[in-house]
2 protein chains.
Amino acid sequence: MAKRDHAEVCAEVCTHPEILEKVAPEMPDEERLYDLAELFKVFGDTTRIRILYVLFESEMCVCDIAELLNMTQSAISHQLRILKQARLVRSRRDGKTVFYSLDDDHVRTVIGQGMEHIEEKHGRKRA
Amino acid sequence: MAKRDHAEVCAEVCTHPEILEKVAPEMPDEERLYDLAELFKVFGDTTRIRILYVLFESEMCVCDIAELLNMTQSAISHQLRILKQARLVRSRRDGKTVFYSLDDDHVRTVIGQGMEHIEEKHGRKRA
DNA sequence: AAAACATATGAACATCTGTTCATATGTTAG
DNA sequence: CTAACATATGAACAGATGTTCATATGTTTT
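Residues numbered from 1 in each chain as written. Chains lettered and ligands numbered in written order. Predicted model: local features only at pLDDT ≥ 70, side-chain atom pairs only at ≥ 80, totals over all residues. Heavy atoms only, no water.

(A) Examining the side chain of D45 of chain A more closely. Within the secondary structure, D45 of chain A is located in the loop between α2 (30-43) and α3 (46-57). Look at D45 of chain A: it is buried, it has no salt bridge, and the nearest opposite charge is R48 of chain A at 4.4 Å. The residues contacting D45 of chain A, other than those within four sequence positions of it, are Q79 of chain A together with A37 of chain B. (Helix = DSSP H or I, 4+ residues; strand = E, 2+ residues; numbered from the N terminus. Buried < 20%, exposed > 50% of the residue type's maximum accessible area, 1.4 Å probe, protein only. Lys, Arg positive; Asp, Glu negative; His and termini not counted. Salt bridge = Lys/Arg side-chain N within 4 Å of Asp/Glu carboxyl O. Contact = heavy atoms within 4.5 Å.)

Okay, structure coming up:
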């Protein structure tokens with residue numbers, strides 16, 4: 001996240017001005033890039049991935065998830081909060097229990113693509 | 001990543017055994033879930049996201065990327081290593097300079113879906 | 001071979017992140 | 001209202017992560 005004043009990397013010999021001019025305008029603004037990284041950070045934790053996978057099957061209450069994943073209620077609750085803030089998960093209350101479910105289909109697509117990627121690469125690596 | 005011996009969360013009243021039995025077999029094994037989280041961790045950093053976006057346009061050498069992102073050569077090189085280990089990026093050497101490019105199309109798909117997600121949610125949030 | 005250049009890498013440091021523990025909030029039953 | 005239950009949350013701690021700095025590796029030129 002830190003930015004240098006001006007990167008003095010190498011002589012401009014290496015830098016190709018046409019490329020620089022072509023790339024710069026295509027870049028989304030900093031805010032979007034930041035938000036995007038934040039979103040993927042949410043996917044970048046085993047516990048949260050497991051929670052999402054569990055919710056693929058059906059909506060579920062906090063204690064069910066905790067039981068399934070063999071973790072404390074507190075840990076799960078903390079992670080659900082993060083998933084909810086990222087709008088990957090939504091909740092509805094029914095009496096004492098709160099049911100969580102997937103918020104939209106991007107979750108499936110993103111995770112699906114991620115899975116494809118690692119499957120493919122593992123195959124290549126171990127063949 | 002830490003696992004509890006046995007989560008003593010709530011009475012089994014709340015836990016629905018049918019759900020547990022249904023979900024458990026659908027879960028990918030621990031190794032895949034771990035690898036998947038590791039993959040998304042790679043996407044979960046602004047610098048790396050920016051590098052990937054830059055590479056959407058064309059292959060590029062390290063110092064070009066550093067210049068474009070206004071960061072040190074060292075920082076970029078470290079991040080490129082991570083991207084390469086995740087097989088998101090590949091490199092080819094041409095004399096002194098090393099050119100990096102996207103390794104496959106999952107990168108575009110994943111980032112594209114991520115973008116769609118945040119666009120949609122921002123719209124909903126601010127409407 | 002030596003100098004110059006592009007890239008890679010190890011160690012150190014500050015920051016961020018996930019879990020735990022204790023406790024607060026919210027809901028229903030008695 | 002009180003007790004019991006389900007969930008949420010704040011503080012603290014340990015472990016992970018990204019950048020910097022110094023330096024090493026690899027390549028070309030002279």
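(B) Summary view of the pairing of strand β3 (residues 97-102) of chain A. Residues and elements named next belong to chain A. Among the six residues in β3, five count as buried, and that is most of the element. Two strands pair when backbone bridges link them, and strand β1 (residues 60-61) and β3 are joined in this way by two bridges, in the antiparallel orientation. When the sheet's bridge partners are listed, C61 is paired in β3 with F99. Judged from the six bridges that link them, strand β2 (residues 89-94) and β3 form a sheet pairing that is antiparallel. Across the sheet, V89 pairs through a bridge with L102, a residue of β3. Between the antiparallel neighbours β2 and β3 lie two residues, among them G95 with a positive phi of about 70°. (Pairing = 2+ DSSP bridges.)

(C) Spotlight on the sheet that holds strand β1 (residues 60-61) of chain B. Residue and element names in this part refer to chain B. On the basis of which strands lie adjacent, the open sheet formed by three strands has the order β1-β3-β2 and antiparallel pairing. The open sheet has two free edges, formed respectively by β1 and β2 (89-94), since each of these has just one partner strand. The sheet contacts of helix α3 (residues 46-57) involve β1, β2 and β3 (97-102), and relative to β3 the element is tilted by about 90°. (Axes fitted to C-alpha atoms, helices over the stretch in contact; angles between N-to-C directions.)

(D) How the structure looks around the packing of α3 of chain B against helix α4 (residues 62-69) of chain B. Residue and element names in this part refer to chain B. Orientation of α3 relative to α4, taken along the N-to-C sense of each, is 115°, at an axis distance of 11 Å. Crossing hand, α3 versus α4: right-handed. Contacts from T47, R50, I51, V54 and L55 in α3 reach I65, L68 and L69 in α4. Class assignment for the residues of the contact of α3 with α4 results in six nonpolar, one polar and one charged. (Left-handed = near helix turned anticlockwise from the far one by under 90°. Nonpolar A, V, L, I, M, F, W, Y, C, P; charged D, E, K, R; others polar.)

(E) Local environment of the nonpolar core. The biggest cluster of nonpolar side chains holds 71 residues, and the ones touching the most others in it are F40, F43 and I111 of chain A together with F40, F43 and I111 of chain B. Leave out the neighbours within four places in its chain, and F40 of chain A touches V110 of chain A together with F40, F43, G44, I49, V110, I111 and G114 of chain B. (Core = buried A, V, L, I, M, F, W, Y, C linked by side-chain atoms within 4.5 Å.)

(F) View of the packing of α2 of chain A against helix α2 (residues 30-43) of chain B. Interhelical geometry of α2 of chain A versus α2 of chain B gives an angle of 165° and a closest axis separation of 7 Å. Relative to α2 of chain B, the element α2 of chain A lies roughly antiparallel. In terms of crossing hand, the pair formed by α2 of chain A and α2 of chain B is left-handed. Within the contact between the two elements, α2 of chain A uses A37, F40 and F43 of chain A and α2 of chain B uses A37, F40 and F43 of chain B. Its residues assigned to classes, the contact of α2 of chain A with α2 of chain B comprises six nonpolar, no polar and no charged. (Parallel < 35°, antiparallel > 145°, perpendicular 65-115°, else oblique.)

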